[in-house]
Amino acid sequence: MSLKISVIGTGYLGATHAAAMAELGFEVLGLDVVAEKIDKLRRGEVPMYEPGLEELLRKHVAGIPGSTGRLRFTMDFAEAADFGDVHFVCVNTPQRHGEYAADMSYVDSAIASLAPHLTRPTLVVGKSTVPVGSADRLAAYLAAHAPAGADVELAWNPEFLREGFAVDDTLHPDRIVTGVRSERAERLLREVYAAPIADGTPFVVTDFPTAELVKTAANSFLATKISFINAMAEVCEAAGGDVAKLAEAIGYDDRIGRKFLRAGIGFGGGCLPKDIRAFMARAGELGADQALTFLREIDSINMRQRGQMVELARQAVGGGSFLGRRVAVLGAAFKPDSDDVRDSPALNVAGQIHLQGGQVTVYDPKGMDNARRIFPTLGYADSALEAVRGADVVLHLTEWREFRELDPQELGSVAAARVILDGRNALDPQLWRKAGWTYRAMGRPTA
Ligand code: UDX
């Protein structure tokens, strides 16, 4: 008999994981404590923009005509406990307000709500990004509070999906990492992931702390790569070098690789910034804070990029105040193919200029609703062309394909001045310069 899977938490990670598990052929029950989310998901609607996710949900959500009916949703922990042979915990662990540490309250409350209903042998699998040591603590909690006692096991199985590629990353991961304490737990996880394993996906088996650390280490490494190239951009800027060429040239070395070396306004989103901070906080608790002091520098290089973009914009409008200046901002999401504006560098730069008196107009292909919600006082336009109309300077801050395909001639005909600052190093300088624009990017020559 095939395993039945419950997924606790149906946000970014959980909704994607639940749909992917249904796609792999399992019967799946998704649980969330937010009624509005569950109502939407039952109708096959995704609460955020993620390419391919809505199609995948609609293919499997019970009650949708033509669906496999393999995916259902509930708000009832007893029902989920009764249903699942394997329970994936996919709730989020945001940064605690005013602190570096991660807020574990959603994970803790998911486990606390599930535990009293676990009356038969099951495997609870943590997927959330947590401070190392959490799995140990949660395993002890389950052993003490689940009626089935030792028959309820915990495993840790971090998730590495990227927004914008969530479906593909879940169905075709680079690797599957599992922290387990028994052969039974490993066997169950191998059964869940049989399809990707058959496709050759590496399956790494390790202990709890290593599994937890793999996730934070991977995100720290990625953040380090980005801040490294941004530091090189600062040096190139001072020395008259070209960071894009430099990144290309060092990237040909296999040991370095070309990915994640695009200089610009830096990393944002709901993961990298808060994960490196939570990692530093946890290392501090463990007495290993010295090992991670470099992450403080990674964070501060990253935040500095945003300020530098504001200064470039200031110079572009004459070097003084932004008062009375019109600034077009292309991009609000923290990255393309996402409507997520959490800790978005683009929105942060737009906000700084607005707060300094600039008249900012933002356009983003998908992030407008979320941007309006968290920054209602900014100006918003319905298209790139409208945002640029009358602008004294144009800032390209999220590298959507739509922006790369813009016609510089057309934009030039509506802008007040042909000055574009490419905060993502993603536009073609020659194309814009040929159309009479002053093109400027961080760490690159001015002409
Ligand atoms: C990240 C990790 O990649 C993923 O494995 C983990 O599960 C969650 O966190 P995500 O937050 O979706 O994923 O975004 P990612 O693609 O990593 O980009 C993060 C930020 O870095 C974005 O703001 C992006 O614009 C920026 N970035 C990326 C750069 O500034 N330069 C680069 O070269 C690459």
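Rules of the game
Residues numbered from 1 in each chain as written. Predicted model: local features only at pLDDT ≥ 70, side-chain atom pairs only at ≥ 80, totals over all residues. UniProt positions renumbered as here; feature names shortened; annotations may be inferred. Buried ≥ 20, exposed ≤ 12 C-beta atoms within 10 Å, placed from the backbone. Helix = DSSP H or I, 4+ residues; strand = E, 2+ residues; numbered from the N terminus. Arc of directions from axis to C-beta. Contact = placed C-beta atoms within 7 Å. Core = buried A, V, L, I, M, F, W, Y, C linked by C-beta atoms within 7 Å. Domains from an automatic or database assignment.

By the naming in an unreviewed UniProt entry, the protein is UDP-glucose 6-dehydrogenase, taken from Streptomyces hintoniae. The Sequence similarities (unreviewed entry) field of the UniProt record for the protein holds the comment "Belongs to the UDP-glucose/GDP-mannose dehydrogenase family." Under the UniProt heading Catalytic activity (unreviewed entry), the note attached to the protein is "UDP-alpha-D-glucose + 2 NAD(+) + H2O = UDP-alpha-D-glucuronate + 2 NADH + 3 H(+)".

Peer 1: In this structure, what is going on with helix 8 (residues 183–192)? I would like to understand it.
Peer 2: Three- or four-residue spacings in an α-helix give side chains the same orientation, since the helix completes a turn every 3.6 residues. For helix 8, the set of buried residues is Ala-185, Leu-188, Leu-189 and Val-192. Mapping the buried residues of helix 8 onto a view down its axis gives an arc of 95°, with all of them on the same face. Within helix 8, the exposed residues directed more than 90 degrees away from the buried face are Glu-183 and Arg-187. The secondary structure elements touched by the buried residues of helix 8 are strand 4 (86–89), strand 5 (122–126), strand 6 (152–156) and strand 7 (176–179).

Peer 1: What exactly am I supposed to notice about the environment of Thr-216 here?
Peer 2: Tracing the backbone through its elements, the reader meets Thr-216 in helix 10 (residues 208–239). Among the residues examined, Thr-216 registers 24 C-beta atoms within 10 Å and is labelled buried. For the pair formed by Thr-216 and Tyr-100, sequence separation is 116 residues and the distance between their alpha carbons is 14 Å.

Peer 1: Hey, could you run me through the nonpolar core in this one?
Peer 2: Soluble globular proteins tend to bury their nonpolar side chains together. If you look at the biggest cluster of nonpolar residues, it comprises 85 residues, and the most contacted ones within it are Val-7, Ile-8, Ala-19, Val-28, Val-89, Leu-114 and Leu-142. Broken down by element, this core gets its largest block of residues, eight residues, from helix 1 (residues 12–23). If you count residues domain by domain, this core takes at least three from each of domain 1 (4–205) and domain 2 (216–299). Excluding anything up to four places from it in sequence, Val-28 contacts Ile-5, Val-7, Ala-18, Met-21, Ala-22, Arg-70 and Leu-71. In terms of nonpolar packing, the next biggest core, distinct from the first, is built from 46 residues, Leu-378, Ala-384, Leu-411 and Tyr-439 among them.

Peer 1: What is the right way to read the environment of Gly-164 from this model?
Peer 2: Among the secondary structure elements, Gly-164 is positioned in the loop between strand 6 and helix 7 (166–171). When the C-alpha positions of Gly-164 and Pro-51 are compared, they lie 6.2 Å apart, and in sequence the two are 113 residues distant.

Peer 1: Explanation requested: the domain arrangement of the protein in the structure shown.
Peer 2: As a measure of interface size, the accessible area lost when the parts come together is often cited. Segmentation of the protein into domains returns domain 1 (4–205), domain 2 (216–299) and domain 3 (301–441). Spacing between the C-alpha centres of domain 2 and domain 3 amounts to 23 Å. Contacts between the two partners involve 17 residues from domain 2, matched on the other side by 18 residues from domain 3.

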